[in-house]
Amino acid sequence: MDENNAYFDNLSGSDSGNNAGGNYPQYGSFQGSYQPAGAPGEPVRPPRGERGSGKGLFLGGLITGIAGALLVVAICYLGLYIQNIVESGNTDTEGIEFRADSAIDPNLVKKLQTLEDTIKTHFYLGEVDNEALQDGIYKGLLGALGDPYSEYYSAEELTELMQQTEGVYYGIGAYISLDTATSLPKISGTIAGAPSEEVDLRANDLIYEVNGVATYGMTLTEVVSMIKGPEDTDVNLTIVREGETDYLDITVTRRKVETPTVEYEMLEDGMAYIQIKEFDEVSIDQFADALATVRGSGMKGMILDLRANPGGSLNAVVEMARMILPEGMIVYTEDKNGKRSEYTCDGKRELEVPLVVLVDMNSASAAEIMAGAIKDYELGTLVGTTTFGKGIVQQIKPFMDGSAVKITISAYYTPNGNNIHGIGIEPDVVCEFDGKAYYGSEDRPDNQLEKAKEVLKEKMGK
């Protein structure tokens, strides 16, 4: 496995997950009583006049499965045929050798041409160009896998994705993930000082619409592309927030967002606080600088904050884990054929002070790799709530035309052999976040951080 292209991100993430200001992605759950009246699996948005009419928060009926799965290895093969069909109109498949185990056969090729002819003959709402049709077929092929972490990227989308790891984004400055209970995108965290924070977008806000377009069934890439845009332009988000009886329409002005992925400060009694917001390549040096600074400032204990961390690249989390873990396994992966890849630490930079790690329901994938290893080695105490539970790995597979797929390639395991997919990592000390107190005061009291300080002081003998 090429670790530079492997991701533990959520729906990326991020991962990878995505950032609406642009990077990775993350989650939670939300239940309601609204049942859509449309076709099976097709959510219907109630008219604005019906909002808040006592029907409740309407999301339970949105959950649906994607039927069937196709062989993703055929995507390039299919692409060549589609391009030939669309551009030349040739549907003669005589003499072409089709694999017996492939979803691509002469009937498929002919039906694609029939579908295209139908669209070009009858579609009323404007012209559809060939490239858009081709991209739609590729995206549909990946969508048929029923895996929200696997998706197709056009050449333009891939270029944009690769640029997002540089730490400078254009948008609203919020981390976007997929809520698995509703299949809607959600805010998993906001960036300090960014437009999203200024308009009071909150973690776990579900994004029901972007500029009036329903987001259900979209990939994170599609949602983020709608949220991002030129500087000083507005985007309207229709939000579902737990505790509210109606939709919230929030307008955010886009702008350039610079996001340090690692932040740190010294607290009282020699306690250092380091927050890792995501595991990008730029995070490696930022984390090394943070550790060097707090050590030089007389650190006697450390709080590592992984809350709302959507994940990121395998290489980044492995390199950062090597800066604090003891000698031994960091993580290992196994693919569909049982092939195992191991990532280890020499222990030469093991953290020498007591450690507390903050986690929550939005700590996912690479964040869970870090938290899981710390817990398995008993290097630190986890405080907060159970993590998201993403125990699978994605890898980007590029093609000669500049496009690519991101596809789930393996499962990962903590040093003790635990796969946490769909389970998460339980904290040693449970502490639910008091959102009412946090958002209800200008001082933003963080009860989880205060609990972490309390636990760390006990470990330090204070």
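Here the structure is a predicted model, which means the values were calculated and not measured.

Calculation rules
- Residues numbered from 1 in each chain as written.
- Predicted model: local features only at pLDDT ≥ 70, side-chain atom pairs only at ≥ 80, totals over all residues.
- Heavy atoms only, no water.
- Helix = DSSP H or I, 4+ residues; strand = E, 2+ residues; numbered from the N terminus.
- Areas by Shrake-Rupley, 256 points an atom, 1.4 Å probe, with all protein chains shown as cover.
- 1 Å grid on protein atoms, 1.4 Å probe; cavity = no way out; pocket = protein on both sides within 12 Å on 5 of 7 lines; lining within 4 Å.
- Points joined across faces, edges and corners; volume = space filled by probe spheres on them.
- Pairing = 2+ DSSP bridges.
- Contact = heavy atoms within 4.5 Å.
- Axes fitted to C-alpha atoms, helices over the stretch in contact; angles between N-to-C directions.
- pLDDT = per-residue confidence, 0-100.

A. A look at the overall build of the protein chain. Within the protein chain, the regular secondary structure consists of 11 helices and 21 strands. For the protein chain, the accessible surface area stands at approximately 20300 Å², while carbon and sulfur atoms represent 49% of it.

B. Just the layout of surface pockets, in detail. Taken as a whole, the largest pocket holds about 1400 Å³ of empty space. For the largest pocket, the lining is made up of 49 residues, of which Ala203, Asp360, Phe433, Tyr438 and Tyr439 are closest to its centre. If you list the elements that add at least two residues to the lining of the largest pocket, you get strand 5 (174–179), strand 6 (184–190), helix 5 (195–198), strand 12 (262–266), strand 13 (271–276), helix 10 (435–439) and helix 11 (447–460).

C. View of the sheet that holds strand 14 (residues 301–305). Read from one edge of the open sheet, six strands run 12-13-14-17-18-21, paired in mixed fashion. Each end of this open sheet is capped by a strand with a single partner; those strands are strand 12 and strand 21 (429–430). Both strand 14 and strand 17 (residues 355–359) contribute to a ladder of four bridges, which runs parallel. Bridge pairing in strand 17 links Ile303 to Val356. The sheet contacts of helix 7 (residues 281–296) involve strand 12, strand 13 and strand 14, and relative to strand 12 the element is tilted by about 5°.

D. How the structure looks around the confidence of the model for the protein chain. In this model, the protein chain carries an average pLDDT of 81, and 78% of its residues clear a pLDDT of 70 or more. Between residues 1–5, whose pLDDT stays under 50, and residues either more than four places distant or in other chains, the model counts 15 contacts. Low pLDDT, under 50, characterises residues 85–89; the stretch is placed with nine contacts to residues that sit more than four places away or in other chains.

E. Broad picture of the environment of Thr219. Tracing the backbone shows Thr219 in the loop between strand 8 (213–214) and helix 6 (220–227). C-alpha of Thr219 to C-alpha of Ser183: the two residues are 36 residues apart in sequence and 9.6 Å apart in space.

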